[in-house]
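# Descriptive structure summary
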Amino acid sequence: MATFGAALSRDGPGLLLRDIDRGDTQARAAAQVVAAAAPDILLLTDFDYDYEGRALEAFAQMVAEAGHPLPHRFARRPNAGMATGLDLDGDGRRGEAEDAQGWGRFAGDGGMAILSRHPIDAAASRDFSDLPWAELPDSLAPGADLSAEALDAQRLSSNGHWAVTLRPEGAAPITLLVFDATPPVFDGPEDRNGRRNADEIRFWRLFLDGAFGSPPGDRFVLLGNANLDPVDGEGRHDAIRALLADPRLQDPRPMSGGGRAAANPEHRGDPALDTADWDDPVPGNLRVDYVLPSADWRVTGAGVVWPEAGPLRAAVEAAGRHRLVWADIAPEG
């Protein structure tokens, strides 16, 4: 299992497909990282969505050409870039990236996608992305200084919350719980994005409690970009710490030498666990990407593709700020 914030988002619709078709250096670097990690199941975050899935098909082909075919694909339209027609951020203007359901310059900007070696049962999968933020139990939305109109319209998911069913041949189904939360920054004293980020993470604990229909009974994996470190950087750290401590999940604590070498001396967390590197002193490198198997899996290995040196290092750096995070799992017994 792996998740990768592959930075495969561009400034306008169709530009990602154009770049992949042209053999764009950054896209090729991302494909090289995926092929080197060779996951059976991969969640891509920050990947532009298009209705016919052409960019995803083209990227899958690029990964296959790099040596690792992943023939099965899944994507849904994200909330990112979904126009509301409202002035959600209250700045007196409509139609800006901040006024979409999730920040986005165009419909599908920086969505999510799954590539898999195993068949995906799209009909059995569930999408919770239309849940109104204010309807989340104990929602933090009422304190986010939203107008009544915005509070009524604003969805919880800045990108999406999906429960996706995979059906490996000759084995029990696997459920992927995937998301890509808003960064808890770029707001004001009302902490709108910090509040939303915390609630996007908290959604999963409520889901596992049965608040949104039947949760998966066993053999699931929660993965994606929480955009929140348990200790360092901005945000409501209790949200991710509570998720990591949930007894229904296990944290494989994937590590890398590259993260350790990039340590920010002002940080308190273990830098070997970090999964993204913002070059500026603030915030520096943080742990924001997670692969959390359910407690009934046996974890046989885990890591972050972030080498200190070697031929793959250049591709990892060229691919973007986020590093691919993986965990090897097997059924108990």
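Everything here concerns the structure above.
Small disclaimer: the values here were computed from a predicted structure and weren't measured.

Rules behind the numbers
Residues numbered from 1 in each chain as written. Predicted model: local features only at pLDDT ≥ 70, side-chain atom pairs only at ≥ 80, totals over all residues. Heavy atoms only, no water. Axes fitted to C-alpha atoms, helices over the stretch in contact; angles between N-to-C directions. Helix = DSSP H or I, 4+ residues; strand = E, 2+ residues; numbered from the N terminus. Parallel < 35°, antiparallel > 145°, perpendicular 65-115°, else oblique. Left-handed = near helix turned anticlockwise from the far one by under 90°. Contact = heavy atoms within 4.5 Å. Nonpolar A, V, L, I, M, F, W, Y, C, P; charged D, E, K, R; others polar. Pairing = 2+ DSSP bridges. Core = buried A, V, L, I, M, F, W, Y, C linked by side-chain atoms within 4.5 Å. Buried < 20%, exposed > 50% of the residue type's maximum accessible area, 1.4 Å probe, protein only. Polar contact = N/O pair within 3.5 Å; in protein donor to acceptor, adjacent residues only side chain to side chain.

### A look at the packing of helix α5 (residues 192-209) against helix α6 (residues 237-244)
The packing of two helices is summarised by the inter-axis angle and the distance between the axes. Across the interface, α5 lies against α6 with an axial gap of 9 Å and an inter-helix angle of 20 degrees. Here α5 lies roughly parallel to α6, going by the angle between them. Helix-helix and strand crossings are classified by hand; for α5 and α6 the assignment is left-handed. Each of Ala-198, Ile-201, Trp-204 and Arg-205 in α5 lies in contact with α6, whose residues at this interface are Ala-239, Ile-240, Ala-242 and Leu-243. A class-by-class count of the residues in the contact of α5 with α6 yields seven nonpolar, no polar and one charged.

### Side note on the sheet that holds strand β2 (residues 41-47)
Pairing between the strands of a sheet comes from backbone hydrogen bonds, and it takes one of two forms, parallel or antiparallel. A sheet is described by the order of its strands in space; here six strands give the open sequence β3-β4-β2-β1-β13-β12, paired in mixed fashion. Each edge of the sheet is formed by a strand with only one pairing partner; in this case those strands are β3 (72-74) and β12 (297-304). Each strand axis lies, on average, 25 degrees off the axis of its neighbour in the sheet, ignoring direction. Summarising the sheet, strand β1 (residues 2-8) and β2 pair through five bridges and their orientation is parallel. Considered in β2, the bridge of Phe-4 is made with Leu-44. Packed onto the sheet, helix α2 (residues 25-37) meets β1 and β2 and runs at close to 170 degrees relative to β1.

### Notes on the nonpolar core
Ranked by internal contacts, the top residues of the largest apolar core, which has 34 residues, are Phe-203 and Phe-207. Elements supplying a minimum of two residues to this core: β7 (174-180), α5, β8 (220-225), α6 and β11 (289-293). For this core, the leading source of residues is α5, giving seven residues.

### Observations regarding the side chain of Arg-287
For Arg-287, the position within the fold is in the loop between β10 (285-286) and β11. Within the structure, Arg-287 has its side chain in polar contact with the side chain of Asp-251 (distance 2.7 Å).

### Thoughts on the sheet that holds β11
Spatial ordering of the open sheet is given by β5-β6-β7-β8-β11, a layout of five strands whose pairing is mixed. Since the sheet does not close on itself, it has two edges, and those belong to β5 (120-127) and β11, each with one partner. Neighbour-to-neighbour, the strand axes of this sheet turn through a mean angle of 20 degrees, independent of strand direction. Contacts from α5 reach β5, β6 (161-166), β7 and β8 within the one sheet, and its direction differs from that of β7 by about 155 degrees.

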